[in-house]
Amino acid sequence: MKKFLLPLLILIVLGGVGAFLYFSFKPSPLETPQTTWGAISDSLKAKLPTDQKLAHKELTRVQKALAALQPTTPYIVIDTHSNHLTYRTADSVLYKFTCSTGSGSVLVDSVTKRKWTFDTPKGQFKVKSKIVGPWWRKPDWEYVQSSEPIPKDESERLEPNVLGDYALAMGDGYFIHGTLYKRLLGMNVTHGCVRLGDDDLKIIYDKAAVGTPIYIY
Amino acid sequence: MKTWLELSNSCARFLIGIMFVSLALSGCDKMDPLLQSLKKATKSGPIVPSKELIYQTASAELTLAQSPKPYLVFNFPDSSLDVKVKGALVQRIKLDPVEGDRGAIRDFIRHFAGSNSQLVRPLAGKYLFAAEKQTPDSILKIVSDVTMFESELLQRQIPHRFRVFWDDKLLLDIISDSVEAKQATNVQSKIEKAMMEARYVLRRPFGATLLVLKVQPEEAMTLFRLAEPGAPVMLKLVSTDQLPPPPPAESKKKKK
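Bear in mind the structure is a predicted one, so any value in this text is a computation, not a measurement. (Residues numbered from 1 in each chain as written. Chains lettered and ligands numbered in written order. Predicted model: local features only at pLDDT ≥ 70, side-chain atom pairs only at ≥ 80, totals over all residues.)

Q: Help me understand the overall build of chain A, please; the structure alone is not making it clear to me.
A: Secondary structure summary: chain A contains 5 helices and 13 strands in total. On C-alpha atoms alone, chain A measures out to a radius of gyration of 27 Å, which is more than a quarter above the 17 Å that the 2.2 N^0.38 rule sets for 217 residues. If you line up chain A on its principal axes, its C-alpha atoms span 95 × 60 × 35 Å. Going through the 217 residues of chain A one by one, you find that 27% of them count as buried. Long-range contacts, defined as pairs at least 24 residues apart, comprise 58% of the intrachain contacts of chain A with a sequence gap of at least 6. (Helix = DSSP H or I, 4+ residues; strand = E, 2+ residues; numbered from the N terminus. Rg over C-alpha atoms; globule rule 2.2 N^0.38 Å. Buried ≥ 20, exposed ≤ 12 C-beta atoms within 10 Å, placed from the backbone. Contact = placed C-beta atoms within 7 Å.)

Q: I would appreciate a short explanation of the overall build of chain B in the present structure.
A: Looking only at helices and strands, chain B features 9 helices and 9 strands. Across the 256 residues that make up chain B, the buried fraction comes to 34%. For chain B, the share of sequence-separated contacts (at least 6 apart) that also reach a separation of at least 24 residues comes to 68%.

Q: What am I meant to see in the sheet that holds strand S5 (residues 125-133) of chain B here?
A: Consider a sheet: its strands pair through backbone hydrogen bonds, and that pairing is either parallel or antiparallel. All names here are of chain B. The 4 strands are arranged S5-S6-S7-S8 in an open sheet whose pairing can be described as mixed. Each having just a single partner strand, S5 and strand S8 (209-215) make up the two edges of the open sheet. Across the sheet, the mean angle separating the axes of adjacent strands is 15 degrees when strand polarity is ignored. (Pairing = 2+ DSSP bridges. Axes fitted to C-alpha atoms, helices over the stretch in contact; angles between N-to-C directions.)

Q: Please explain the confidence of the model for chain A as it appears in this structure.
A: Close inspection of predicted coordinates is inappropriate for parts of the model with low pLDDT. For chain A, the mean per-residue pLDDT works out to 90, and 92% of the residues sit at or above 70. Between residues 27-34 of chain A, whose pLDDT stays under 50, and residues either more than four places distant or in other chains, the model counts 17 contacts. (pLDDT = per-residue confidence, 0-100.)

Q: Help me out: how do you make sense of unusual backbone geometry in this one?
A: Glycine aside, residues mostly have negative phi angles, and peptide bonds mostly take the trans form. Its identity as a non-glycine residue notwithstanding, A:Ser147 has a phi of 55 degrees, on the positive side. Topologically, A:Ser147 is positioned in the loop between helix H4 (140-145) and strand S9 (158-159). C-beta crowding within 10 Å serves as the criterion here: with 7 such atoms nearby, A:Ser147 is assigned to the exposed category. Its identity as a non-glycine residue notwithstanding, B:Ser79 has a phi of 50 degrees, on the positive side. Relative to the helices and strands, B:Ser79 resides in the loop between strand S1 (71-75) and strand S2 (80-85).

Q: In this structure, what is going on with the interface of chain A and chain B? I would like to understand it.
A: Frequently, the measure chosen for interface size is the accessible area that the parts lose on association. Tallying the contact residues gives 58 residues for chain A and 64 residues for chain B. Looking at the side of chain A that touches chain B, the elements that each hand over two or more residues are helix H1 (2-24), helix H2 (34-44), helix H3 (52-67), strand S1 (75-79) and strand S6 (123-126) of chain A. Ranked by residue count, the leading element in the side of chain A that touches chain B is H3(A), at 12 residues. Here the side of chain A that touches chain B is built from residues that sort into 33 nonpolar, 19 polar and 6 charged. (Nonpolar A, V, L, I, M, F, W, Y, C, P; charged D, E, K, R; others polar.)

Q: Help me out: how do you make sense of the packing of H3(A) against helix H3 (residues 51-64) of chain B in this one?
A: The description of two packed helices rests on the angle between their axes and on the distance between the axes. Where H3(A) meets H3(B), the axes come as close as 9 Å, and the angle between the chain directions of the two elements is 35 degrees. Considering how the two elements wind past one another, H3(A) and H3(B) form a crossing that is left-handed. Two secondary-structure elements touch here, H3(A) through A:Ala55, A:Glu58, A:Leu59, A:Val62, A:Gln63, A:Ala65 and A:Leu66 and H3(B) through B:Lys51, B:Ile54, B:Tyr55, B:Ala58, B:Ser59, B:Glu61 and B:Leu62. Each residue belonging to the contact of H3(A) with H3(B) can be placed in one class, and the counts come to 9 nonpolar, 2 polar and 3 charged. (Left-handed = near helix turned anticlockwise from the far one by under 90°.)

Q: Just checking my understanding: could you explain the nonpolar core for this structure?
A: Where a protein is soluble and globular, its nonpolar side chains tend to be buried together. Membership of the largest hydrophobic core comes to 80 residues, with the highest contact counts inside it found for A:Ile78, A:Leu168, A:Ile176, A:Ile214, A:Tyr215, B:Ile174 and B:Met234. Sorting elements by how many residues they give to this core places H3(B) first, with 6 residues. What B:Ile174 contacts, discounting residues up to four positions off in sequence, is B:Phe162, B:Leu213, B:Val215, B:Ala220 and B:Leu223. (Core = buried A, V, L, I, M, F, W, Y, C linked by C-beta atoms within 7 Å.)

Q: Whenever I open this one, the environment of A:Val144 confuses me. Can you help?
A: Residues and elements named next belong to chain A. With respect to the helices, strands and loops of the structure, valine 144 is situated in helix H4. Residue classification places valine 144 among the partly exposed residues on the basis of 19 C-beta atoms within 10 Å. The sequence separation of valine 144 and arginine 114 amounts to 30 residues, and the corresponding C-alpha distance is 9.8 Å. Leave out the neighbours within four places in its chain, and valine 144 touches Leu107 and Asp109.

Q: In this structure, what is going on with the sheet that holds strand S10 (residues 166-171) of chain A? I would like to understand it.
A: All names here are of chain A. With mixed pairing, 9 strands are arranged side by side in an open sheet as S6-S13-S1-S2-S3-S12-S11-S10-S7. Each edge of the open sheet is held by one strand with a lone partner, namely S6 and strand S7 (129-132). Recorded for the sheet is a direction-independent mean angle of 30 degrees between the axes of neighbouring strands. Where S10 meets strand S11 (residues 174-177), 4 bridges bridge the pair, whose relative direction is antiparallel. What sits directly across from leucine 168, in S11, is isoleucine 176.

Q: Can you walk me through H3(A) in this structure?
A: The α-helix advances 3.6 residues per turn, and as a result positions three or four apart in sequence lie on the same side. With 16 residues, H3(A) should cover 22 Å at 1.5 Å per step; its first-to-last C-alpha distance of 22 Å lies within 8% of that length. Those residues of H3(A) that fall on the buried side of the exposure criterion are A:Leu59, A:Val62 and A:Gln63. Across the axial projection of H3(A), the buried residues extend over an arc of 95 degrees, all falling on one side. In H3(A), the exposed positions angled more than 90 degrees off the buried face are occupied by A:Lys53, A:Leu54 and A:Arg61. Considering only its buried residues, H3(A) is in contact with H3 of chain B. (Expected span 1.5 Å × (residues − 1). Arc of directions from axis to C-beta.)

Q: Is there a simple way to think about the confidence of the model for chain B in this case?
A: All names here are of chain B. Per-residue confidence for chain B averages 76 on the pLDDT scale, and 66% of its residues sit at or above 70. Within chain B, no element has a lower average pLDDT than helix H9 (residues 248-255), which sits at 51, and none a higher one than S2, at 97. Within the model, the stretch residues 22-32 combines pLDDT values under 50 with 10 contacts to residues more than four positions away or in other chains. Confidence over residues 250-256 falls short of pLDDT 50; this stretch has 2 contacts with residues more than four positions distant or in other chains. Under the prediction, the complex receives an ipTM of 0.84, its pTM being 0.80.

Q: Looking at this structure, how should I read the environment of B:Pro217?
A: Residues and elements named next belong to chain B. Summarising the element assignment, proline 217 is placed in helix H8 (residues 217-226). By C-beta crowding, proline 217 is classed as buried, having 20 other C-beta atoms within 10 Å. Between the C-alpha atom of proline 217 and that of isoleucine 158, which follows or precedes it by 59 residues, the distance is 6.3 Å.

Q: I tried to follow the environment of A:Trp37 on my own but got confused; where do I start?
A: Mapped onto the fold, A:Trp37 is located in helix H2. For A:Trp37, a count of 18 C-beta atoms within 10 Å puts it in the partly exposed group.

Now the structure itself:
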């Protein structure tokens, strides 16, 4: 009897461990807003018209609409995860530079309770304007961060020679510009702007015209 | 004694029986259009989804492109894993399966699509096996003092290997050729890692699919950070510019 007891016990223990490992895994709950997936689910249930001509027309329409989203001229792409800026077309990468993007940290003014999040904005933008020899207009957070009083005279905020030789405006006060802190390129250390090295900035300034699409992720 | 013998025999038979039934069930696929085309396709031939499936997937991508959030596309015609924002290609990563061949990709597509033939699915989660710090902590401390940002926020992990999953049976491992990466050192991490592997081994006979891709370290870093739970992932089985042929009646008219 003992001869069979041990193999049986081993079988039960192995079965138990196996069952635990098999059933213990539970995928984590999804965090995507239900509205987004609701819209996607609706699209995935969409039916083509039964009439072949109409079906072909509808399919062509959707595929053309999708193809139209891809720029046909070179565009700028900023990867805030690996801190790279690329100037590319759909087929190839023309230039790839190391940059610095937003740190994601939060600053709260203890007096006014005003709050700033130093993130590089994500999504689709475009080069709104190009500036030679930009001056930095220090925002309020610069004074809050360094515990200095905010100047009343606007001219006191202006500082030359800190943003490099060129700047490309993306809107809402965000720029692609140069930096004094070249050793920090490749790191997420900015207040939201995108910093480039001097030579790389010159190339992007020369290549990217006003209106060039910018994609940030 | 006879009772124990009978009991162990019946136990073994019961377990073997369950295994066979499960194997048979996992092999049963509903014959939807995608699965039919998968079954019909030869090993080297392309997988051609129905027009309706192409339409549904393109419509879903148009919806995804309305959001500023990036989404991932397994672009099989171009053998790449694409990152797209607002419908534009922002990063193309070469699809380089490490283990398995075309058959592994075929299994992955089949499991991804499931019985509903759905080519867009959200990620359920991810697990990091091993990683290295992008910047040494000592340097980050100095940077942190200069920039006045917390060093923890500035640190980035370069994953050596991580796993993303859509459900408990559809897994994708991404490994980078970052040879410097340190393996998990503490006991808890080692146990977790062993359990993750054991779960897959146990589920393999029941239809679990694991695709392993090799990417560059910086690509792994981007993919790991993009692979948040709920992140949309889609499969592209035919080229976008490969418009379907017009219906026969139309082509006849043109000929006339």
